[in-house]
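# Commentary on secondary and tertiary structure
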Amino acid sequence: MQTPAALLASLPLMTRVVVRRRLENGATDSLGDLVSLDATSCTVRTRRGDDVVLLADVLAAKPVPPAPPRRAPRRPTSGSEPGDQ
């Protein structure tokens, strides 16, 4: 079986991935595009910014499908805005 670090190394950059890493009191996931990888860390570009993950802390990793398109903002219906009466 392939280690999570080896799996990440086999993926092309800009692949969308989820990376689970160990924290002091549990674990957390980083979901986004794999933008860099070296011998000790990988960087995942999430919606909140770049997340540098030490490979020694990676518990699991896998490629995931592209993100669904974002929904259009809600628009108020006619007559529902204040003062439209």
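Above: the structure in question.
To keep things clear, this report deals only with the structure shown in the data block. Since the model is a prediction, treat every value here as computed from it, not as a measurement.

### A few points about the overall build of the protein
For the protein, the count of helices and strands is one helix and five strands. Along its sequence from the N terminus, the protein presents helices and strands in the succession α-β-β-β-β-β. Taking 12 Å as the expected radius of gyration for a compact globule of 85 residues, we find that the protein reaches 19 Å, considerably beyond that expectation. Overall, the C-alpha framework of the protein stretches about 65 × 30 × 20 Å when taken along its three principal axes. Taken across its 85 residues, the protein has 25% of its residues classed as buried. Counted over contacts in the protein with a minimum sequence separation of 6, partners at least 24 positions apart contribute 41%. Total accessible area on the protein is roughly 6,600 Å²; 53% of this is exposed by carbon and sulfur atoms. Each charge class in the protein was averaged separately, 12 positive and 9 negative side chains, and the resulting centres sit 6 Å apart.

### A word on a nonpolar patch on the surface
A grouping of Leu13, Met14 and Leu37 is seen on the molecular surface, where their side chains present a nonpolar patch of about 280 Å² in accessible area. One can find Met14 in the loop between α1 (4-10) and β1 (16-23). When its relative accessible area of 52% is taken as the criterion, Met14 is described as exposed.

### Some words on the pattern of salt bridges
Pairs may arise between side chains of opposite charge once their charged atoms sit close together. In total, this model carries three salt bridges according to the counting rule given. Between Arg21 and Asp51 there is a salt bridge, and its shortest N-O distance comes to 3.2 Å. Highlighted residues: Arg21 in strand β1 and Asp51 in strand β4 (residues 49-54), separated in sequence by 30 residues. Comparing Arg21 with Asp51 shows no difference in burial state: the two are buried. For the salt bridge of Asp50 with Arg45, the shortest nitrogen-to-oxygen distance reads 2.7 Å. Classification of Asp50 as partly exposed rests on a relative accessible area of 46%.

The rules behind these values
Residues numbered from 1 in each chain as written. Predicted model: local features only at pLDDT ≥ 70, side-chain atom pairs only at ≥ 80, totals over all residues. Heavy atoms only, no water. Helix = DSSP H or I, 4+ residues; strand = E, 2+ residues; numbered from the N terminus. Rg over C-alpha atoms; globule rule 2.2 N^0.38 Å. Buried < 20%, exposed > 50% of the residue type's maximum accessible area, 1.4 Å probe, protein only. Contact = heavy atoms within 4.5 Å. Areas by Shrake-Rupley, 256 points an atom, 1.4 Å probe, with all protein chains shown as cover. Lys, Arg positive; Asp, Glu negative; His and termini not counted. Charge placed at Lys NZ, Arg CZ, Asp CG, Glu CD. Patch = residues over 30% accessible without salt bridge, like charges linked within 9 Å, V, L, I, M, F, W, Y side chains within 5 Å. Salt bridge = Lys/Arg side-chain N within 4 Å of Asp/Glu carboxyl O.

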